[in-house]
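Given next are the chains, with one letter for each unit.
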Amino acid sequence: EAERLVDSYIDFSKLEMQGSRLGIAIPVTKEELEDSNGIVDSVIKSEAPAAIVETINDALFCTSKTYTAADNQSKIRKVFGPFAGAVPTQFAGALPTRKELLAMIAKVASKINMVAPCWVITEAMKAELRDVKIDSGSGRFLCENDMILGYPVFTTASIGDEYIGFGDWSYQAAGFFGQMSFIADPYSLARNNAVDFVLNTRFGTV
């Protein structure tokens, strides 16, 4: 009672994260906007943020630190997740067995206290695992009700059909830097009688 507490410290020295710019620009003629009675405007305002989400998912779950840009040039990713550059574990067959997937869980659990673990696979791989029996008698399959061996499944095409990822995503620090800016610019493309919809934000992860 009344004992003075000693200061405790958390070491954040390894948690280094910088924001990288993400943006999208969509020019639309005023004729398109006016003739669609607001439909084009509504689609742009929903699809532009969705494109940002898709880009972030692609960065987080990609398996390579390089990507092919629009000009077909190979470029280095500024933002990528834990699978990029990782050395994958090889399965004995085309599809993993229950024992092999349990070994993946054990490997992660041996290094961290699991809080929010999740599998990451493609929809095609999930469909395949729905047909892999756990054993010969129970009638159970590896993937049931969007769960594999008791852990939830997140599907994305970004990881590729040949990979199965497992990790605890509570350790993946991620965030936006500043506020998202979404501007409908009616001036820059005035000669074209067009409006430039421009969305900009900054995102980082580590």
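Chemist: Is there a simple way to explain the sheet that holds strand S6 (residues 147–148) in this structure?
Modeler: Note: strands within a sheet are paired through backbone hydrogen bonds, in either parallel or antiparallel orientation. Pairing is mixed across the open sheet formed by five strands, whose spatial order is S5-S6-S7-S4-S8. The sheet terminates laterally at strand S5 (143–144) and strand S8 (165–168), the two strands that pair on one side only. Alignment of strand S4 (residues 117–121) against S8, held across four bridges, turns out to be antiparallel. Looking across to S8, one finds that Val-120 is bridged to Gly-165. Strands S4, S6, strand S7 (151–155) and S8 of the sheet are contacted by helix H3 (residues 98–109), whose axis makes an angle of about 30° with S8.

Chemist: Looking at this model, I keep getting lost on the packing of aromatic side chains. Mind explaining?
Modeler: On inspection of all chains with the given rule, the structure shows six aromatic pairs. Ring centres of Phe-61 and Trp-169 lie 5.2 Å apart, and the angle between their planes is 75°; this geometry places the pair in the edge-to-face category. Of this pair, Phe-61 sits in helix H2 (residues 39–61) while Trp-169 sits in the loop between S8 and strand S9 (174–176), placing them 108 residues apart in sequence. With a relative accessible area of 8%, Phe-61 lands in the buried category. Measuring from ring centre to ring centre gives 5.5 Å for Tyr-151 and Phe-166, while their planes differ by 65°; the resulting arrangement is edge-to-face. With a gap of 15 residues between them, Tyr-151 in strand S7 and Phe-166 in strand S8 connect regions that are remote in the sequence. Owing to a relative accessible area of 23%, Tyr-151 belongs among the partly exposed residues under this scheme. Judged by its relative accessible area of 8%, Phe-166 falls in the buried class.

Conventions we followed
- Residues numbered from 1 in each chain as written.
- Predicted model: local features only at pLDDT ≥ 70, side-chain atom pairs only at ≥ 80, totals over all residues.
- Heavy atoms only, no water.
- Pairing = 2+ DSSP bridges.
- Helix = DSSP H or I, 4+ residues; strand = E, 2+ residues; numbered from the N terminus.
- Contact = heavy atoms within 4.5 Å.
- Axes fitted to C-alpha atoms, helices over the stretch in contact; angles between N-to-C directions.
- Phe/Tyr/Trp six-rings, centres within 6.5 Å; stacked < 30°, edge-to-face > 60°.
- Buried < 20%, exposed > 50% of the residue type's maximum accessible area, 1.4 Å probe, protein only.

Interpretation note: all reported values are geometric properties and have no functional meaning in isolation.
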